[in-house]
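Architecture at a glance
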Amino acid sequence: MKLGVNIDHIAVLREARKIADPNPMDALSIVKRAGAEQITIHLREDRRHIQDSDAKNIIYHSSLPVNLECAIAKEIVTLACELKPHRVTLVPEKREEVTTEGGLDIFRYEEELKEVIAKFHKYEIEVSLFIDPTLKAVEMAHKLGVEWIEFHTGKYANVYAMLFSNLGNTHHSIKELELPRSELKEMLEEELTKLRALSCDAMELGFQVAAGHGLNYQNVGAIAEIETIEELNIGQSIIARSVFTGLEDAILEMKALLIR
Ligand code: PXP
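So, here is what we can say about the structure in this document. What you see is a predicted model; the values in this text were computed from it and never measured. (Residues numbered from 1 in each chain as written. Predicted model: local features only at pLDDT ≥ 70, side-chain atom pairs only at ≥ 80, totals over all residues. Heavy atoms only, no water.)

Quick look at the overall build of the chain
Worth spelling out the cut-off: What counts as a helix is a DSSP run of H or I of at least four residues, what counts as a strand is a run of E of at least two, and both are numbered from the N terminus. Residue exposure (1.4 Å probe, protein chains only): buried if accessible area is under 20% of the type maximum, exposed if over 50%, otherwise partly exposed. Residue contacts are defined here by distance: any two heavy atoms, one from each residue, within 4.5 Å place the two residues in contact. Note on areas: Shrake-Rupley, 1.4 Å probe, and residue coverage restricted to the protein chains presented here. None of His or the chain ends enter the tally, which takes Lys and Arg as positive and Asp and Glu as negative. The atoms used to mark charge sites are NZ of Lys, CZ of Arg, CG of Asp and CD of Glu.
On a plain count of helices and strands, the chain comes out with eleven helices and eight strands. Projecting the C-alpha coordinates of the chain onto the three principal axes gives extents of approximately 50 × 45 × 35 Å. Taking all 260 residues of the chain together, the buried fraction comes to 51%. Within the chain, counting contacts between residues at least 6 apart in sequence, those at least 24 apart form 67% of the total. If you sum the accessible surface of the chain, you get close to 12,500 Å²; carbon and sulfur atoms cover 52% of it. Within the chain, the 43 negative side-chain charges are centred at a point lying 3 Å from the centre of the 30 positive side-chain charges.

Some thoughts on unusual backbone geometry
Residue Asp21 is joined to Pro22 through a cis peptide bond whose omega torsion reads -10 degrees. Among the secondary structure elements, Pro22 is positioned in the loop between helix H1 (8-17) and helix H2 (27-33). The phi torsion at Arg47 lies on the positive side, around 50 degrees, for a residue other than glycine. Checked against the element boundaries, Arg47 lands in the loop between strand E2 (38-42) and helix H3 (52-61). Its identity is not glycine, yet Lys84 carries a phi of approximately 50 degrees, on the positive side. In this structure, Lys84 sits in the loop between helix H4 (74-83) and strand E4 (87-90). Taking the relative accessible area as the measure of exposure, Lys84 reaches 42% and is therefore partly exposed.

Some thoughts on the side chain of Asp54
Stated formally: Polar contact is defined as a pair of N or O atoms within 3.5 Å, subject to the rule that within protein one atom must be able to donate a hydrogen and the other to accept it, and that residues adjacent in sequence are counted only when both atoms are side-chain atoms.
Among the structural elements, Asp54 can be located in helix H3. Of the polar contacts made by the side chain of Asp54, one reaches the side chain of Arg14; its length is 2.6 Å. Of the polar contacts made by the side chain of Asp54, one reaches the backbone nitrogen of Gln51; its length is 2.8 Å.

Below, the structure written as structure tokens:
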């Protein structure tokens, strides 16, 4: 299974001080040396971490394919077309959110998406849609004619963290907090069953399938076993571990968990 390392959080640390260090560019050779297959970055509208110059330098200099996550806002789409990453992943974006909290509502934005996808295709950029794992969303993505879909694994990750709550990785606002253990176990199995079935359906429809959000060293195993998921994009947990182990070891450890 391929690994895309989301390096935004290196820029989060830098932006906390508004200085030059740490520079996400320095991660490129390390990510490659550690055996990951892709660099993933998110150019947010509020530029809270990755800046335009980062995106430009990373896309220009990376010897690994770059997956640029972005919203369907006009300014960002225009910039992404100029930057020409290997792939764009279209994600929802709310300024007040801490992180991308769910998949893109591809029903609400159907018309805008048609236009944006056509534009990216004109620039020969592959398109992925970050969607919640539902059959309706897979079918709509098929109608929209993209190459990739990425399933949002946030719910799986939240339920997992609640079941094994000593991990403390859940966001405090999630409603699963008060549920009994038996119910959480069922929910976890439900999420996995859904991801297995939908990734299989998606593959049969001709998609390449990725997944991501909230995946970490504890919860990634069951997702890694799903053979129809080709790639995982992981950021927070890898960068968090790298503070203690260094980036290369953090990626090597994650890669080892992805070997099926
Ligand atoms: N995939 C997509 C589309 C994302 O937007 C993100 C960041 O929210 C990730 C993967 C990585 O998530 P995390 O940082 O929780 O590993």
